[in-house]
Amino acid sequence: ACHAGQQKCSEGAWGACEGEILPGAEICDNDLDDDCNGMTDEGCLANCVVVAPGGDDQTADGTAAQPFATVAAGLAFAAAVDGGGPRRVCVAAGSACDQAKTYVMDAALAIPNGARLQGNYALDGTTLKYCGETQPPITALQFTTPAGAVVFGAGVTAATEVSGFVIERYSSSAGAV
């Protein structure tokens, strides 16, 4: 949503900047990065498919009360929504913003066209909270095989996002690094 404006010089003096859009408060569910931090609608908890420690891929419905356990299952569920693009997937690290979690992956993580995968959330009971001030992010994706990676396929043509994660790639000399 943010972009530079233009100033015109007239008779040796710069005029006002016109057309500039500065960062503002995040407006939920408008599919824009209103605060210009690289994430879209972060902290907007409605319509978010939740992934969290303690979740269960077999019984999950994606709510904070019944989250998914794995990122891949959350993404698959979000991508299967009828009509429109996939819903956002909000990945929690623990019950508070000071708790970290590493999601271990033994295969590539394919990101569907239009998906928004966001880490840096906490889930306390059924209350999901965005931990925007926590840096580095508290949520990590760790790949344990050489084929493990975040993959954006050739079919990705719409705005697609992976944000709020530390990504640890596989290293043959040290395991995951």
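Below you will find a few notes about this structure. The structure displayed is predicted, hence computed values, not measured ones. (Residues numbered from 1 in each chain as written. Predicted model: local features only at pLDDT ≥ 70, side-chain atom pairs only at ≥ 80, totals over all residues. Heavy atoms only, no water.)

Once that is clear, we can look at helix α1 (residues 71-79). Residues of α1 that are buried: Val71, Ala73, Gly74, Leu75 and Ala78. On its buried face, α1 is in contact with β3 (48-51), β4 (88-94), β5 (101-105), β6 (109-111), β7 (116-124) and β9 (139-143). (Buried < 20%, exposed > 50% of the residue type's maximum accessible area, 1.4 Å probe, protein only. Helix = DSSP H or I, 4+ residues; strand = E, 2+ residues; numbered from the N terminus. Contact = heavy atoms within 4.5 Å.)

Here Gln135 and Pro136 are connected by a cis peptide whose omega angle stands at -5 degrees. Backbone geometry at Glu11 places phi at a positive 55 degrees, although glycine is not the residue there. Looking at where Glu11 falls in the secondary structure, it is placed in the loop between β1 (9-10) and β2 (13-14). Although it is not a glycine, Asn120 adopts a positive phi angle of roughly 75 degrees. Tracing the chain through its elements places Asn120 in strand β7.

Any two side chains of opposite charge can pair, on the condition that their charged atoms come close. If you walk through the whole model with that rule in mind, you get one salt bridge. One salt bridge in this structure joins Glu161 and Arg116, with 3.8 Å as the shortest N-O distance. Within this pair, whereas Glu161 is found in strand β11 (residues 161-163), its partner Arg116 is found in strand β7, the two being separated by 45 residues in sequence. One exposure class covers both Glu161 and Arg116, and it is buried. (Salt bridge = Lys/Arg side-chain N within 4 Å of Asp/Glu carboxyl O.)

Below, the discussion takes up the state of the cysteines. According to the stated counting rule, one finds two disulfides in the structure shown. In this model, Cys48 is linked to Cys90 through a disulfide, with the two sulfur atoms separated by 1.7 Å. In this structure, the disulfide formed by Cys48 and Cys90 twists by about 120 degrees around the S-S bond and is classed as right-handed. With Cys48 in strand β3 and Cys90 in strand β4, this pair connects stretches of sequence that are 42 residues apart. Each member of the pair, Cys48 as well as Cys90, is classed as buried. (Disulfide = S-S within 2.5 Å.)

Before going further, it helps to spend a moment on the packing of aromatic side chains. One pass over the full model with this rule turns up two aromatic pairs. Judged by centre distance (5.2 Å) and plane angle (45 degrees), the rings of Phe68 and Phe77 are tilted. We classify Phe77 as partly exposed; its relative accessible area is 31%. Aromatic side chains Tyr121 and Tyr130 sit 5.1 Å apart centroid to centroid with 55 degrees between the ring planes, which places their arrangement in the tilted category. Above the face of the Tyr103 ring, Lys101 is positioned so that its terminal group lies 5.0 Å from the ring centre. (Phe/Tyr/Trp six-rings, centres within 6.5 Å; stacked < 30°, edge-to-face > 60°. Lys NZ or Arg CZ within 6 Å of the ring centre and 35° of its normal.)

As summarised here, the arrangement of the three strands in space is β5-β9-β12, forming an open sheet in which the pairing is parallel. Because the sheet does not close on itself, it has two edges, and the strands there are β5 and β12 (165-168). The mean inter-strand angle of the sheet, taken between neighbouring strand axes irrespective of direction, is 20 degrees. The sheet contact formed by β9 and β12 spans four bridges and is parallel. Following the sheet pairing, Leu141 is matched in β12 by Ile167. (Pairing = 2+ DSSP bridges. Axes fitted to C-alpha atoms, helices over the stretch in contact; angles between N-to-C directions.)

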